[in-house]
Amino acid sequence: MRIVTIEEHVSFPELSISKSTAAARHMQEKLADITGERLSSMQATGITMQVLSVENTDVYSLHDSEAPAFATKYNDLLAERMKDHWESFTAFALLPMTTPAAAADELERTVKTHGFQGAMIKGTILGEFLDAPKFAPVFERAQQMHVPLYIHPGVPPQAVIDAYYSNVGDTTGPNEAIACYGWGWHSETAIHVLRLFAAGIFDKYPDLKIIIGHMGEMLPMMWTRMNGIFKQGKRSLIETFKEQLFITTSGIFTQPQLQLAIDTIGIDNILFSIDYPFSTNQMGIDFLHNIQLPSEQIAKIAHGNADRILRLK
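Residues numbered from 1 in each chain as written. Predicted model: local features only at pLDDT ≥ 70, side-chain atom pairs only at ≥ 80, totals over all residues. Heavy atoms only, no water.

Let's shift gears to the overall build of the protein. On a plain count of helices and strands, the protein comes out with 15 helices and 8 strands. Since a compact globule built from 313 residues should have a radius of gyration of about 20 Å, the 18 Å found for the protein is in line with a globular shape. Summarising its shape, the C-alpha atoms of the protein cover approximately 50 × 50 × 50 Å along the three principal directions. The proportion of buried residues among the 313 residues of the protein is 57%. Considering only intrachain contacts with a sequence separation of at least 6, the fraction spanning at least 24 residues in the protein is 77%. Of the accessible surface of the protein, which amounts to about 13,300 Å², a share of 55% is contributed by carbon and sulfur atoms. Computing the positive centroid from 25 side-chain charges and the negative centroid from 35, the protein places the two 5 Å apart. (Helix = DSSP H or I, 4+ residues; strand = E, 2+ residues; numbered from the N terminus. Rg over C-alpha atoms; globule rule 2.2 N^0.38 Å. Buried < 20%, exposed > 50% of the residue type's maximum accessible area, 1.4 Å probe, protein only. Contact = heavy atoms within 4.5 Å. Areas by Shrake-Rupley, 256 points an atom, 1.4 Å probe, with all protein chains shown as cover. Lys, Arg positive; Asp, Glu negative; His and termini not counted. Charge placed at Lys NZ, Arg CZ, Asp CG, Glu CD.)

Listed below in structure tokens is the structure:
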């Protein structure tokens, strides 16, 4: 069976500027590799294609005059390292989101020049959520180009870290597990999507497709309650999300959470992802092979939905 995974990370040390998370530093060698151990692992586990995305957010820290060129350099290097294996790899673009007009242009350039499948945006942009009007050019161009935007967690703003995630018990400083990959990342991404809905972004761009990972970043758990509370859109929250929001399995490999996602957002909105190298390909494949669903539904998760939404085939 064809298997496509769409939240798989890379990071090139020669283009790193700032400090990354401890998890990313631990994985640096694997993040930098594309055609070595990564490709061998894909072949050993039966993964047909990975959609690669840049792990770090250094581009957000650069001056507006430098960010667009940095993003272009990173995307071009990523394309260069995939060029001999287009059957196995494609990518989401890194965008200079602090300069939205340039980000929209870079999105279009990478789609047209390199065949990238959209873009991944990580967390807030210097503390700002994407519902801020300044980011409209990126939404407009994504809709125009018929490519999705993947909203991935990012490191929370320092004020949030200080208020919510620091000085736990008798320790001082931030607790990275709570602030990032254990909780904070995921709740913030859920908030991000709810802000887009409350701001009318989905109605303003009705053909826009937003992807989030980690089995829906907690949203399926709150599905019915949210639908009864959020009334801002022309459509209900559930109607909107079933038409424009897509979730991946990245890093969440348990059947009860998958069933909850199916029962809420639906089988046609779920895409297989692994979160490589932070999760292993074998973990993801074991999960996929243990799904107790009809084969045609497993095929939708494994590749069919990704092929349709990303126009891979």
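Moving on: the sheet that holds strand β6 (residues 210-212). In space, the 5 strands of this open sheet follow the order β4-β5-β6-β7-β8, with parallel pairing throughout. Each having just a single partner strand, β4 (119-122) and β8 (270-271) make up the two edges of the open sheet. Note that strand β5 (residues 149-152) and β6 share 3 bridges and pair parallel. Pairing of tyrosine 150 across the sheet is with isoleucine 211, part of β6. (Pairing = 2+ DSSP bridges.)

A word on the side chain of threonine 110. Examined against the element boundaries, threonine 110 turns out to sit in helix α5 (residues 100-114). In this structure the side chain of threonine 110 is engaged in a polar contact, spanning 3.0 Å, whose partner is the backbone oxygen of leucine 107. With sequence-adjacent residues up to four places away left out, threonine 110 is seen in contact with Asn75, Ala93, Gly115 and Phe116. (Polar contact = N/O pair within 3.5 Å; in protein donor to acceptor, adjacent residues only side chain to side chain.)

What follows covers the packing of aromatic side chains. Enumeration according to the criterion identifies 11 aromatic pairs in this entry. For the pair phenylalanine 12 and tyrosine 74, a centre-to-centre distance of 5.5 Å together with 25° between the ring planes defines the contact as stacked. Of this pair, phenylalanine 12 sits in the loop between β1 (4-10) and α1 (22-26) while tyrosine 74 sits in helix α4 (residues 67-82); the two residues are 62 residues apart in sequence, bridging distant segments of the chain. The exposure classification of phenylalanine 12 matches that of tyrosine 74, with both residues buried. Relative to phenylalanine 230, the ring of phenylalanine 197 has its centre 6.4 Å away and its plane inclined at 75°; by these criteria the two rings are edge-to-face. Here phenylalanine 197, found in helix α9 (residues 184-198), pairs with phenylalanine 230, found in the loop between α11 (223-229) and α12 (237-244); they are 33 residues apart in sequence, far enough to count as distant. By relative accessible area, which is 3% here, phenylalanine 197 ends up buried. Accessibility expressed as a relative area gives 21% for phenylalanine 230, which makes it partly exposed. Through successive ring pairs, a cluster of aromatic residues spans Phe197, Phe202, Trp223, Phe230 and Phe241. Above the ring of phenylalanine 12, the side-chain terminus of arginine 81 is found at 4.5 Å from the ring centroid. (Phe/Tyr/Trp six-rings, centres within 6.5 Å; stacked < 30°, edge-to-face > 60°. Lys NZ or Arg CZ within 6 Å of the ring centre and 35° of its normal.)

Along the polypeptide, leucine 126 turns up in the loop between β4 and α6 (136-145). On a C-alpha basis, the gap between leucine 126 and aspartate 170 in space is 30 Å, while along the polypeptide they are 44 residues apart. Here leucine 126 is in contact with Tyr60 and Thr98, once residues within four sequence places are set aside.

Strands sit in the order β1-β2-β3 across an open sheet of 3 strands; the sheet is parallel. Looking at the sheet topology across the chains shown, the edges are occupied by β1 and β3 (89-91). In this sheet, adjacent strand axes meet at a mean angle of 35° when their direction is disregarded. Looking at chain direction, strand β2 (residues 49-54) and β3 are connected through 3 bridges and run parallel. If you follow valine 51 over to β3, its bridge partner there is threonine 90. Running over the sheet, α4 touches β1, β2 and β3 and is turned about 170° from β3. (Axes fitted to C-alpha atoms, helices over the stretch in contact; angles between N-to-C directions.)

One can describe the packing of α4 onto α5 by two numbers: an axis separation of 11 Å at closest approach and a directional angle of 20°. Considering the angle they form, α4 stands roughly parallel to α5. For α4 against α5, the interelement crossing comes out right-handed. Here Pro68, Ala71, Thr72, Asn75, Asp76 and Ala79 of α4 come into contact with α5, specifically with Ala102, Glu106, Arg109, Thr110 and His114. Residues that form the contact of α4 with α5 fall into these classes: 4 nonpolar, 4 polar and 3 charged. (Parallel < 35°, antiparallel > 145°, perpendicular 65-115°, else oblique. Left-handed = near helix turned anticlockwise from the far one by under 90°. Nonpolar A, V, L, I, M, F, W, Y, C, P; charged D, E, K, R; others polar.)

Distances and angles like these do not, on their own, reveal function.
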